Amino acid sequence: SVFLKDQPVGNFSYDEVVKLRGNKNVSQAIPLGFGDNYRGFRLVGSEPEIFSFKGIGAGSGPWLHVGQGKIFSGKGQAVIGSEVARLTGLKIGDHFASVHGMVSTKSSRAHKEQYTVVGILDKVHGPYDSAIFVSMESIWEQHKQQQQIIVKSPTGSGKTIILISYIENYLLNY
(Lines give C-alpha, C1' and ligand atoms only; values in the text may rest on other atoms or scores of the structure.)
Protein backbone atom coordinates (compact mmCIF):
# COMPACT_ATOMS: atom_id res chain seq x y z
CA SER A 1 0.00 0.00 0.00
CA VAL A 2 2.77 2.45 0.84
CA PHE A 3 4.12 2.06 -2.73
CA LEU A 4 0.62 2.56 -4.21
CA LYS A 5 0.83 -0.61 -6.31
CA ASP A 6 -1.57 -3.06 -4.68
CA GLN A 7 -4.80 -3.13 -2.74
CA PRO A 8 -4.59 -1.30 0.58
CA VAL A 9 -3.73 -3.42 3.59
CA GLY A 10 -6.21 -3.93 6.40
CA ASN A 11 -7.02 -0.77 8.27
CA PHE A 12 -5.97 0.34 11.71
CA SER A 13 -8.03 2.43 14.08
CA TYR A 14 -6.93 6.05 14.28
CA ASP A 15 -6.50 5.36 17.98
CA GLU A 16 -3.35 3.43 16.99
CA VAL A 17 -1.88 6.61 15.48
CA VAL A 18 -2.50 8.38 18.77
CA LYS A 19 -0.85 5.53 20.72
CA LEU A 20 2.17 5.45 18.41
CA ARG A 21 2.61 9.20 18.70
CA GLY A 22 2.81 8.72 22.46
CA ASN A 23 5.56 6.07 22.15
CA LYS A 24 8.99 7.51 23.02
CA ASN A 25 10.59 5.31 20.33
CA VAL A 26 8.47 6.75 17.53
CA SER A 27 9.59 10.07 16.07
CA GLN A 28 6.66 10.34 13.61
CA ALA A 29 3.43 8.42 13.01
CA ILE A 30 1.49 9.65 10.00
CA PRO A 31 -1.81 8.09 8.87
CA LEU A 32 -2.44 7.10 5.26
CA GLY A 33 -5.93 6.39 3.95
CA PHE A 34 -6.87 5.05 0.52
CA GLY A 35 -9.99 4.29 -1.45
CA ASP A 36 -10.46 6.73 -4.33
CA ASN A 37 -8.76 7.75 -7.55
CA TYR A 38 -8.85 10.44 -10.19
CA ARG A 39 -8.21 9.17 -13.73
CA GLY A 40 -6.32 6.20 -12.23
CA PHE A 41 -4.18 8.26 -9.85
CA ARG A 42 -4.66 7.23 -6.23
CA LEU A 43 -5.84 9.64 -3.59
CA VAL A 44 -3.81 9.38 -0.41
CA GLY A 45 -5.54 10.72 2.66
CA SER A 46 -3.11 11.96 5.27
CA GLU A 47 -2.25 14.91 7.46
CA PRO A 48 -0.06 17.92 6.60
CA GLU A 49 2.75 16.24 8.57
CA ILE A 50 3.25 13.83 5.64
CA PHE A 51 5.22 16.64 4.03
CA SER A 52 7.66 16.67 6.94
CA PHE A 53 8.16 12.87 7.04
CA LYS A 54 11.88 12.11 7.11
CA GLY A 55 13.72 9.04 5.90
CA ILE A 56 15.89 6.90 8.13
CA GLY A 57 19.52 7.89 8.40
CA ALA A 58 21.62 10.76 9.61
CA GLY A 59 20.76 13.98 7.83
CA SER A 60 17.64 12.62 6.13
CA GLY A 61 15.26 15.44 5.41
CA PRO A 62 11.65 15.47 4.27
CA TRP A 63 11.22 13.57 1.00
CA LEU A 64 8.04 15.26 -0.25
CA HIS A 65 8.53 18.87 -1.32
CA VAL A 66 5.77 21.13 -2.57
CA GLY A 67 7.38 22.90 -5.54
CA GLN A 68 4.36 25.01 -6.48
CA GLY A 69 1.57 26.26 -4.27
CA LYS A 70 1.14 25.08 -0.70
CA ILE A 71 0.35 22.10 1.52
CA PHE A 72 -3.34 21.29 1.93
CA SER A 73 -4.87 22.73 5.09
CA GLY A 74 -8.38 21.34 5.09
CA LYS A 75 -11.09 19.32 3.43
CA GLY A 76 -11.45 19.69 -0.31
CA GLN A 77 -7.83 20.67 -0.97
CA ALA A 78 -5.30 18.51 -2.85
CA VAL A 79 -1.55 18.40 -3.43
CA ILE A 80 -0.78 16.46 -6.59
CA GLY A 81 2.34 14.59 -7.61
CA SER A 82 4.47 15.82 -10.49
CA GLU A 83 3.28 13.03 -12.82
CA VAL A 84 -0.36 13.71 -11.98
CA ALA A 85 0.17 17.33 -13.02
CA ARG A 86 2.07 16.38 -16.18
CA LEU A 87 -0.34 13.68 -17.37
CA THR A 88 -3.68 15.27 -16.42
CA GLY A 89 -2.84 18.92 -17.05
CA LEU A 90 -4.12 19.86 -13.58
CA LYS A 91 -2.63 23.05 -12.18
CA ILE A 92 -3.01 25.22 -9.08
CA GLY A 93 -6.62 26.34 -8.71
CA ASP A 94 -8.10 23.57 -10.88
CA HIS A 95 -10.98 21.44 -9.57
CA PHE A 96 -11.60 17.72 -9.95
CA ALA A 97 -13.84 14.99 -8.52
CA SER A 98 -12.58 11.57 -7.51
CA VAL A 99 -14.30 8.23 -8.02
CA HIS A 100 -14.49 5.35 -5.58
CA GLY A 101 -12.00 2.53 -5.94
CA MET A 102 -8.46 2.11 -7.19
CA VAL A 103 -9.26 2.29 -10.90
CA SER A 104 -11.69 4.27 -13.04
CA THR A 105 -14.09 2.45 -15.34
CA LYS A 106 -16.84 3.56 -17.69
CA SER A 107 -19.38 2.85 -14.95
CA SER A 108 -17.47 4.85 -12.32
CA ARG A 109 -19.38 7.83 -11.01
CA ALA A 110 -17.60 10.85 -9.63
CA HIS A 111 -18.20 11.97 -6.07
CA LYS A 112 -20.30 15.10 -5.80
CA GLU A 113 -17.67 16.97 -3.78
CA GLN A 114 -14.75 18.42 -5.69
CA TYR A 115 -11.14 18.99 -4.73
CA THR A 116 -9.15 22.11 -5.49
CA VAL A 117 -5.48 21.71 -6.41
CA VAL A 118 -3.50 23.86 -3.95
CA GLY A 119 -0.03 22.36 -4.45
CA ILE A 120 2.16 20.37 -6.84
CA LEU A 121 5.02 18.22 -5.57
CA ASP A 122 8.54 18.33 -6.91
CA LYS A 123 9.52 15.06 -8.57
CA VAL A 124 10.57 12.38 -6.04
CA HIS A 125 11.30 9.64 -8.62
CA GLY A 126 8.90 7.18 -7.03
CA PRO A 127 5.25 6.20 -6.68
CA TYR A 128 4.28 9.44 -4.95
CA ASP A 129 4.88 11.31 -8.21
CA SER A 130 1.58 9.68 -9.22
CA ALA A 131 -0.29 10.37 -5.97
CA ILE A 132 -2.88 12.93 -4.99
CA PHE A 133 -2.64 13.97 -1.33
CA VAL A 134 -5.76 15.11 0.49
CA SER A 135 -6.73 15.39 4.16
CA MET A 136 -7.80 12.27 6.06
CA GLU A 137 -11.06 14.06 6.80
CA SER A 138 -11.70 14.33 3.06
CA ILE A 139 -11.24 10.57 2.61
CA TRP A 140 -13.43 9.77 5.62
CA GLU A 141 -16.13 12.15 4.43
CA GLN A 142 -16.18 10.74 0.87
CA HIS A 143 -16.57 7.17 2.12
CA LYS A 144 -19.13 8.01 4.74
CA GLN A 145 -21.36 9.42 2.00
CA GLN A 146 -20.43 6.98 -0.77
CA GLN A 147 -20.84 3.72 1.15
CA GLN A 148 -22.99 4.95 4.04
CA ILE A 149 -20.33 3.69 6.41
CA ILE A 150 -19.98 5.61 9.64
CA VAL A 151 -16.35 6.64 9.84
CA LYS A 152 -15.44 8.69 12.88
CA SER A 153 -12.97 11.51 13.28
CA PRO A 154 -9.52 11.13 14.95
CA THR A 155 -11.19 10.94 18.36
CA GLY A 156 -13.18 7.91 17.26
CA SER A 157 -12.56 4.78 15.26
CA GLY A 158 -11.64 6.12 11.80
CA LYS A 159 -9.67 3.63 9.69
CA THR A 160 -6.22 4.13 8.23
CA ILE A 161 -2.78 2.64 7.82
CA ILE A 162 0.19 4.26 9.46
CA LEU A 163 3.52 5.47 8.10
CA ILE A 164 5.96 5.27 11.00
CA SER A 165 9.42 6.65 11.51
CA TYR A 166 11.21 5.22 14.52
CA ILE A 167 13.93 7.07 16.30
CA GLU A 168 17.22 5.89 14.78
CA ASN A 169 18.82 4.78 18.00
CA TYR A 170 15.92 2.46 18.69
CA LEU A 171 16.35 0.71 15.34
CA LEU A 172 20.12 0.47 15.67
CA ASN A 173 19.88 -1.12 19.11
CA TYR A 174 16.88 -3.35 18.49
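Residues numbered from 1 in each chain as written. Predicted model: local features only at pLDDT ≥ 70, side-chain atom pairs only at ≥ 80, totals over all residues. Heavy atoms only, no water.

A. Local environment of the environment of leucine 43. Looking at the secondary structure, you find leucine 43 in strand β4 (residues 41-46). Between the alpha carbons of leucine 43 and serine 135 there is a distance of 9.7 Å; along the sequence they are 92 residues apart. (Helix = DSSP H or I, 4+ residues; strand = E, 2+ residues; numbered from the N terminus.)

B. Inspection of the environment of arginine 42 at higher detail. Examined against the element boundaries, arginine 42 turns out to sit in strand β4. You can call arginine 42 buried: its relative accessible area is 8%. In this structure the C-alpha to C-alpha distance between arginine 42 and valine 99, which are 57 residues apart in sequence, comes to 9.9 Å. (Buried < 20%, exposed > 50% of the residue type's maximum accessible area, 1.4 Å probe, protein only.)

C. Highlighting the packing of aromatic side chains. Within this structure, the stated rule accounts for six aromatic pairs. Note on tryptophan 63 and tyrosine 128: the rings are 5.1 Å apart at their centroids and 70 degrees apart in plane angle, and the pair reads as edge-to-face. Taken as a pair, tryptophan 63 in the loop between β4 and β5 (66-69) and tyrosine 128 in the loop between β9 (115-121) and β10 (132-135) lie far apart in primary sequence, 65 residues in all. Relative accessible area serves as the criterion here: at 4%, tyrosine 128 is assigned to the buried category. (Phe/Tyr/Trp six-rings, centres within 6.5 Å; stacked < 30°, edge-to-face > 60°.)

D. Quick peek at unusual backbone geometry. Positioned with a positive phi, arginine 39 is a non-glycine residue whose angle comes to about 55 degrees. Here the phi dihedral of histidine 125 falls at roughly 60 degrees; this positive angle occurs in a residue that is not glycine. Here histidine 125 shows up in the loop between β9 and β10.

E. Up close: the pattern of salt bridges. Enumeration according to the criterion identifies six salt bridges in this entry. Among the salt bridges present, the one from glutamate 47 reaches arginine 21, with a minimum N-O distance of 2.5 Å. Of this pair, glutamate 47 sits in the loop between β4 and β5 while arginine 21 sits in helix α1 (residues 14-21), and the two are 26 residues apart along the sequence. You can call arginine 21 partly exposed: its relative accessible area is 38%. The salt bridge involving lysine 91 is made with aspartate 94; its shortest N-O contact spans 3.5 Å. Linked by salt bridges that have partners in common, Glu83, Arg86, Lys123 and Asp129 make up one network. (Salt bridge = Lys/Arg side-chain N within 4 Å of Asp/Glu carboxyl O.)

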